[in-house]
Amino acid sequence: MHELSLVSSIVDSVTESLARYPGARVIEVRLRVGALAAVIEDSLQFCYGIATEGTPLAGSALVVKTLPVVVHCSRCNVDGAIESVQSFRCPHCGELTMDVRQGREMEIEAIEIEEAEVGG
Ligand SMILES: [Zn+2]
């Protein structure tokens, strides 16, 4: 399952960032996923529940933000979001273009944590 390996790498990198905040608990992880990343959100959520078990991320929420596919049209010299991933055409003039500027992302946008209480 493609999603499970993606989630595992997310958990790894979040755990790594958490090293600076001992005892901190993760509340929420926000992801930016391009429409072309071929990720199914339900599957991602399911895998997240499994992969975070026994980690500082256990019980945290995964928020997935899907980014539209943006192509660059050399005729209009503008970037535009395409209406469907089935059709890579400029939304302005309809010219076919494969110059993808956004849509393949798969990255952590933000991590919300609750820091351990000092002196508690
Ligand atoms: Zn165009």
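Residues numbered from 1 in each chain as written. Predicted model: local features only at pLDDT ≥ 70, side-chain atom pairs only at ≥ 80, totals over all residues.

Sheet topology places strand β1 (residues 25–34) next to strand β6 (residues 106–114); eight bridges connect them, and they run antiparallel. Directly across from R32, in β6, lies its bridge partner E107. Across seven bridges, the pairing between β1 and strand β2 (residues 61–67) is parallel. Of the residues in β2, the one forming a bridge with L31 is V64. Read as a crossover between parallel neighbours, the route from β1 over helix α2 (residues 41–51) to β2 is right-handed. (Pairing = 2+ DSSP bridges. Helix = DSSP H or I, 4+ residues; strand = E, 2+ residues; numbered from the N terminus. Right-handed = clockwise from strand over helix to strand, strands pointing away.)

The next subject is the packing of helix α1 (residues 2–18) against α2. With their axes 9 Å apart at the nearest point, α1 and α2 run at an angle of 50 degrees to one another. By the angle between their axes, α1 is oblique relative to α2. Along this stretch, α1 crosses α2, giving a crossing that reads as right-handed. Residues E3, L4, V7, S8 and V11 of α1 form the contact with α2, whose own contacting residues are S43, L44, C47, Y48 and A51. (Axes fitted to C-alpha atoms, helices over the stretch in contact; angles between N-to-C directions. Parallel < 35°, antiparallel > 145°, perpendicular 65-115°, else oblique. Left-handed = near helix turned anticlockwise from the far one by under 90°. Contact = placed C-beta atoms within 7 Å.)

If you look at the biggest cluster of nonpolar residues, it comprises 13 residues, and the most contacted ones within it are V7, I10, V11, V29, C47, Y48 and A51. Breaking this core down by element, the ones donating at least two residues are α1, β1 and α2. Not counting residues up to four positions away in its chain, the partners in contact with V29 are I10, V14, L57, S60, L62, I108 and I111. (Core = buried A, V, L, I, M, F, W, Y, C linked by C-beta atoms within 7 Å. Buried ≥ 20, exposed ≤ 12 C-beta atoms within 10 Å, placed from the backbone.)

For the rest of this paragraph, the subject is the sheet that holds β1. Strand order in this open sheet of three strands is β2-β1-β6, and the pairing throughout is mixed. Whereas interior strands pair on both sides, the edge strands pair on one side only; in this sheet they are β2 and β6. Strand-to-strand twist of the sheet, defined as the mean angle between neighbouring strand axes without regard to direction, takes the value 15 degrees. Contacts from α1 reach β1 and β6, with the element oriented near 45 degrees to β6.

One can read the domain layout of the protein as domain 1 (1–68 + 103–120) and domain 2 (69–101). The interface is formed by six residues belonging to domain 1 together with five residues belonging to domain 2. Looking at the side of domain 1 that touches domain 2 residue by residue, the class counts come to three nonpolar, two polar and one charged. (Domains from an automatic or database assignment. Nonpolar A, V, L, I, M, F, W, Y, C, P; charged D, E, K, R; others polar.)

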